[in-house]
Every structure is written in C-alpha cells, then in structure tokens.
Amino acid sequence: MFQWKKLGKVFTPQEVTGRPWLSAFAQAPATLVFDNYVRVYFSCRPPADKNGQFVSYSAWVDLDRNDLFKVLRIADNPILPLGRLGEFDEFGTYPVSVIRDGTQIRAWYAGWTRCESVPFNVAIGTAVSNDGGQSFQRIGCGPVIEYSPEEPFVISGPKIRRFNDQWQLFYIAGRKWKTVEGRAEPVYKIRMATSDDGVHWKKRNCDLIASRIEEDEAQASPDVFFANGKYHMFFSYRYSSDYRGKQYGYRIGYASSENLTDWTRDDSKAGIDVSSEGWDAEMISYPHVFELDGKIYMAYLGDGVGREGFGLAQLQGELR
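Cut-offs and rules
Residues numbered from 1 in each chain as written. Predicted model: local features only at pLDDT ≥ 70, side-chain atom pairs only at ≥ 80, totals over all residues. Heavy atoms only, no water. Helix = DSSP H or I, 4+ residues; strand = E, 2+ residues; numbered from the N terminus. Rg over C-alpha atoms; globule rule 2.2 N^0.38 Å. Buried < 20%, exposed > 50% of the residue type's maximum accessible area, 1.4 Å probe, protein only. Pairing = 2+ DSSP bridges. Axes fitted to C-alpha atoms, helices over the stretch in contact; angles between N-to-C directions. Salt bridge = Lys/Arg side-chain N within 4 Å of Asp/Glu carboxyl O. Phe/Tyr/Trp six-rings, centres within 6.5 Å; stacked < 30°, edge-to-face > 60°. Lys NZ or Arg CZ within 6 Å of the ring centre and 35° of its normal.

Caption draft 1: Spotlight on the overall build of the protein. Each helix and strand in the protein was counted, giving one helix and 20 strands. In summary, the protein has a C-alpha radius of gyration of 18 Å against a globular reference of 20 Å for 320 residues, a match within 12%. The principal-axis extents of the C-alpha atoms in the protein amount to approximately 50 × 45 × 45 Å. Relative to its full complement of 320 residues, the protein shows a buried share of 57%.

Caption draft 2: Just the sheet that holds strand β5 (residues 67-74), in detail. Judged by pairing direction, the sheet is antiparallel, and its four strands sit side by side in the order β2-β3-β4-β5 without closing on themselves. Sheet topology places β2 (24-33) and β5 at the edges, where each strand pairs with a single neighbour. For this sheet, the mean angle separating the axes of adjacent strands, direction not counted, is 35 degrees.

Caption draft 3: Focus on the pattern of salt bridges. Within this structure, the stated rule accounts for 24 salt bridges. A salt bridge links R39 to D62, with the nearest nitrogen and oxygen atoms 2.7 Å apart. With R39 in strand β3 (residues 37-45) and D62 in strand β4 (residues 57-64), this residue pair connects regions lying 23 residues apart in the sequence. Of the residues examined, R39 reaches a relative accessible area of 2% and is grouped as buried. Connected through shared salt-bridge partners, E151, R175, R191, K203, D207 and E215 make up one network.

Caption draft 4: Region of interest: the packing of aromatic side chains. Tallying each qualifying case throughout the model produces 24 aromatic pairs. Between Y243 and Y250, the aromatic rings sit 6.2 Å apart at their centres with planes inclined by 70 degrees, giving edge-to-face as the arrangement. As far as the burial class goes, Y243 and Y250 line up, both buried. Of the aromatic side chains, those joined through ring pairs into one cluster are F2, W4, F234 and Y254. Cation over ring: R45 sits above F54, and NZ or CZ is 5.3 Å from the ring centre. Its end group placed over the ring of W167, R106 keeps NZ or CZ at 5.0 Å from the ring centre.

Caption draft 5: Up close: unusual backbone geometry. The peptide bond linking Y94 to P95 adopts the cis configuration, its omega dihedral lying at -5 degrees. Within the secondary structure, P95 is located in strand β6 (residues 93-101). One non-glycine residue, D165, adopts positive backbone phi at about 60 degrees. Mapping D165 onto the fold places it in the loop between β10 (156-163) and β11 (166-180). Even without being a glycine, D242 presents a positive backbone phi close to 55 degrees. The topology assignment puts D242 in the loop between β15 (230-238) and β16 (251-257).

Caption draft 6: Looking closely at the sheet that holds strand β12 (residues 183-195). Spatially, β10-β11-β12-β13 is the arrangement adopted by the four strands of the open sheet, whose pairing is antiparallel. One side of each edge strand has no neighbouring strand; the edge strands of this open sheet are β10 and β13 (201-203). Adjacent strand axes in the sheet meet at a mean angle of 35 degrees when their direction is disregarded. Two strands pair when backbone bridges link them, and β12 and β13 are joined in this way by three bridges, in the antiparallel orientation. Its bridge partner lying in β13, T194 is registered against K202.

Caption draft 7: Focus on the pairing of strand β7 (residues 104-114). In terms of burial, β7 is a largely internal element, nine of the 11 residues being buried. Between the antiparallel neighbours β7 and strand β8 (residues 120-129) lie five residues.

Below is the structure:
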C-alpha cells in the first residue's frame, strides 16, 4: 500500500476576483513544471445563465516551486475560447492535459456540446501554444478523437503521455446512459489510443481497467506515471447512481502494468481516501501525479468534484 500525506487545499476559485468566467470549480488539475514555478491547468465555470445553463473554460494557476501553497499568478483569460456555433466544443473545455513538444506546448482537451435527450456529449480535440502555455490555438474546428461504433459517446478525460518514443492518450469512453430518478447518468470506462504524431490516433477499443464495485462502475481521469520499471495508473471511480454524497461518491483507484497493455487493478494500494471532515470528506477524485525536485505529488479534487478547488498530497516512500 502506498502512503500519501495530504498537504491541504491549494487553490480555491471562489477567492479569485476580477475574472467572472472563473467563479467556481478548479477541476482535473494537470501540471507543467517551469524553472521557478509549477503551472497547474484546470477547468472552471462562470455562473449559470438566465436559463440555468453552464459553460466551462480551462485556465491555469502558477504555484511557487519552493512553496506550492503560494499562488504567483492566475490566468487573465481562459486558455481557449468556446467553439463556434455547432462545433464540438461550443459549450466548453473540460478537462485538459498538456505536454512539452520541442519549442511548443501541446494540449489535448475534451470539448462538449449540449444535447436534448441527455445533458451532453464530448469529444477530444488538440491545441498548441507558442507563448509558453499561457494561451492555446486549436489545430482545427473538429476533434481528433471522437465517438465511433465501438465508443458511441462521451469521449473525454484525456491524459497525454509519451513513452517509448510514442504518444499515448489515456481517456474515457461512454458505455451507456442510465436513467436514475429521472436523470440521465453516464457510465464510462478507461480506454487508450496511440499515435506517431499526436493527431492521428489508433484506438485500442477495449477497457483497460476491470470494474470492481459494480458492472456499471464509472471510471475517470486515468493518470499514468512511470517509476521503478513499472507503469502506475491512478484513476477515479464511482457508482453509477447516488454518487453525489459520501457513501457512493468518487474514490481513487490504482492499477499497474509492465507494458501499457495489460493492467492489474488493486485499489487497496492507492493509499489515499476521503478525510473524516473538511473539503474532501465526501469524495476524492481526478488524481494527477507529478514529480518535483525529487518528490512525488498528487493533485486531486475533493467534494463536489472540485467545486471549491484542488489540493495536494505527497508520497511517502516510492512507487513500486
């Protein structure tokens, strides 16, 4: 069993002023390390419109490399504008994952659109930054990974990695929608695709992680970290219904692999769970593992799937 020491909540969007598009949520944290700071990308929302409808944006916050609880800067604007009429990201970007590629910083993000019979549908797009990751430009108006006969809806949660001179994209794909007390709830599983250029992808078209708590378990945010000759995946999972409270809320799971293809799930090794009280007492989700100055950290969300921000934990020992 791994041991994570919780350090506390780092960033609270409700404390930010002068940015009406950033009033709540700091979801799906993803880092990019610079010389003097760590930039954390996240997704956020402005208040609902007069019809009660939301949009979502992605932004960043810079944390002092020597004190990760010291906020240096917050993005003045979202990193991407909303898509135009009818485009796959017309109503928002959530989540986003970034990586350096030569002089550029590249991002893969989920863009979503509203639907009538279900709340939304999602596909994955990509964008590039030429200003050090402050802002991004889409490579085109459509997605690079979208629904298909094998993955019919909700293609989301991209986490970009590069292992063995190849691009890997871990993501989730919808399996079904369930009606729970009159509300449509999505069930999605963790998937993977590979690419030589980061634009044209070959899907594996199979679930990577076996379900544990129920067949309709929903899995999200697959974050893969390589250490000590093994690939370690931390992810979040939940029940298909009644997951907005403590009993059935999101939890963090763990799986390992030696080849990126065959994964062994063992949630007992995850080493992090909800707290007895406080901002992460009902749920814990969307883990992102990164290394900084010889230490391994996990950024994660608490109650309300990050409505009031994200926190940090530090690994005690090694990933083995």
